[in-house]
Amino acid sequence: MQKRYIPNLLSVVRICLVPIFAWLFFLDYPRHVIPAVAVFFVAGATDVVDGYLARKHGWVSNVGKVLDPLADKLMQCTVLICFYIKEIIPIWLMLIYVGKEFLMLVGSLFIFRRKRVVVKSNFFGKMAVCVFYASIAVLIGLRLLAAPEVQTAATPFICIIMLDFALLALVQYFFCYIKAKQTNPEPEER
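Residues numbered from 1 in each chain as written. Predicted model: local features only at pLDDT ≥ 70, side-chain atom pairs only at ≥ 80, totals over all residues. Heavy atoms only, no water.

Before we go on, may I ask you to explain the pattern of salt bridges in this structure?
Opposite charge on two side chains makes pairing possible when the charged atoms of those side chains draw close. Applying the stated criterion across every chain, the model contains seven salt bridges. The shortest N-O distance in the salt bridge between D72 and R14 comes to 3.4 Å. Of this pair, D72 sits in helix 3 (residues 62-85) while R14 sits in helix 1 (residues 6-26), and the two are 58 residues apart along the sequence. The residues D72 and R14 share a single accessibility class, namely buried. For E101, the salt bridge goes to K100, with nearest N and O atoms at 2.8 Å. The exposure class of E101 is buried, given its relative accessible area of 3%. Within this structure, R14, D47, D50, D68 and D72 form a network of salt bridges that share partners. (Salt bridge = Lys/Arg side-chain N within 4 Å of Asp/Glu carboxyl O. Helix = DSSP H or I, 4+ residues; strand = E, 2+ residues; numbered from the N terminus. Buried < 20%, exposed > 50% of the residue type's maximum accessible area, 1.4 Å probe, protein only.)

Could you clarify how one ought to interpret the nonpolar core in this entry?
Nonpolar side chains tend to gather and get buried jointly when the protein is soluble and globular. Grouped together as the largest cluster of nonpolar side chains are 35 residues, with contacts concentrated most on F21, M75, F83, I89 and F132. Put simply, the parts of the chain that give this core at least two residues each are helix 1, helix 2 (33-57), helix 3, helix 4 (91-115), helix 5 (123-145) and helix 6 (148-183). The element that contributes the greatest number of residues to this core is helix 5, accounting for seven residues. Look past the residues within four positions of M75 in its chain and what remains in contact with it is R14, L17, V18, F21, F40, A43 and Y133. (Core = buried A, V, L, I, M, F, W, Y, C linked by side-chain atoms within 4.5 Å. Contact = heavy atoms within 4.5 Å.)

Honestly, unusual backbone geometry in this entry has me stumped. Any pointers?
Glycine aside, negative phi is the norm for most residues, and most peptide bonds take the trans geometry. Along the chain, Y29 connects to P30 via a cis peptide bond; the corresponding omega equals 0°. Position of P30 among the secondary structure elements: in the loop between helix 1 and helix 2. Even without glycine at this site, D28 takes up a positive phi of about 55°. For D28, a relative accessible area of 40% puts it in the partly exposed group. Here the phi dihedral of E87 falls at roughly 60°; this positive angle occurs in a residue that is not glycine. Mapped onto the elements of the fold, E87 is located in the loop between helix 3 and helix 4.

Explanation requested: helix 2 in the structure shown.
Here helix 2 is 25 residues long and its end C-alpha atoms lie 36 Å apart, about the 36 Å a rise of 1.5 Å per residue gives. At the exit of helix 2 stands G58, carrying a positive phi of roughly 70°. (Expected span 1.5 Å × (residues − 1).)

What should I look at first to understand the packing of aromatic side chains in this one?
Aromatic ring pairs: the centre-centre distance and the angle between the two ring planes describe each pair. One pass over the full model with this rule turns up 13 aromatic pairs. Ring plane angle 45° and centroid distance 5.3 Å describe the contact between Y97 and F132, whose orientation is recorded as tilted. Separated by 35 residues along the polypeptide, Y97 in helix 4 and F132 in helix 5 bring together distant segments of the chain. Of the two residues, Y97 and F132, both sit in the buried class. In this arrangement the basic side chain of K100 is found over the ring face of Y97, its NZ or CZ atom lying 5.4 Å from the centre. (Phe/Tyr/Trp six-rings, centres within 6.5 Å; stacked < 30°, edge-to-face > 60°. Lys NZ or Arg CZ within 6 Å of the ring centre and 35° of its normal.)

Explain the packing of helix 2 against helix 5 here, please?
Think of two packed helices as two axes; the pair is described by the angle between the axes and how far apart they sit. Two elements in contact, helix 2 and helix 5, have axes whose closest approach is 12 Å; the angle formed by their N-to-C orientations is 165°. When the axis of helix 2 is compared with that of helix 5, the two are roughly antiparallel. Remark: the crossing between helix 2 and helix 5 carries left-handed chirality. Across from V33, I34, V37, F40, F41, A43, G44, D47 and R55 in helix 2, the residues of helix 5 making contact are K126, V129, F132, Y133, I136, A137, I140 and L144. By residue class, the composition of the contact of helix 2 with helix 5 is 13 nonpolar, one polar and three charged. (Axes fitted to C-alpha atoms, helices over the stretch in contact; angles between N-to-C directions. Parallel < 35°, antiparallel > 145°, perpendicular 65-115°, else oblique. Left-handed = near helix turned anticlockwise from the far one by under 90°. Nonpolar A, V, L, I, M, F, W, Y, C, P; charged D, E, K, R; others polar.)

Is there a simple way to think about helix 1 in this case?
Three- or four-residue spacings in an α-helix give side chains the same orientation, since the helix completes a turn every 3.6 residues. An ideal rise of 1.5 Å per residue puts 30 Å on 21 residues; helix 1 measures up with 31 Å between its terminal C-alpha atoms. At L17, helix 1 is bent by approximately 25°, the largest bend along its length, and proline P19 sits one to four residues beyond. Residues of helix 1 that are buried include every one of P7, N8, L10, S11, R14, L17, V18, F21, A22, L24 and F25, and no others. Elements that come into contact with the buried residues of helix 1 comprise helix 2 and helix 3. Looking one or two places after helix 1, you find D28, whose phi comes out positive at around 55°. (Bend = angle between axes of the 7 residues up to and from the residue.)

All we've got here are geometric facts, nothing functional implied.
Following this line, the structure appears as structure tokens:
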């Protein structure tokens, strides 16, 4: 295997970790929450490593530009659905966040189909992912260590912060699309 495929391989590994996370999370809940969260953070580490390798060595590919965000979206949505099922987060967060990810996926496919351009992540997208990982760590910490009244008070605050960063990233991607469309208008059909 050529080294330039390592980032894509890491993205595939991350996709494979999604069902492992869900299986561990629900396996004798809450006893296996820590191993499930460990899988979640291993997936996050592979995301950092694959991005670093791709940029440092110029191993960026269109396949990687699709696999990387797909792996992120699958893991994030799976975590949120699992957390909602176990009543760690409210339904509104899960619905808005999963809806936002679906909207971004459909938008990316639309842009690719129309312009053959793969939308790459930007600073705001990366920051939203970092805040997501930190928020999940705090929510799990609260669930395992804090009194119920502390969980009740802190959870909505953490969820709002996570959602704010996710929506900020969505707005930034929308403005990037508008800017790209203005600088590269589509040719008129004859």
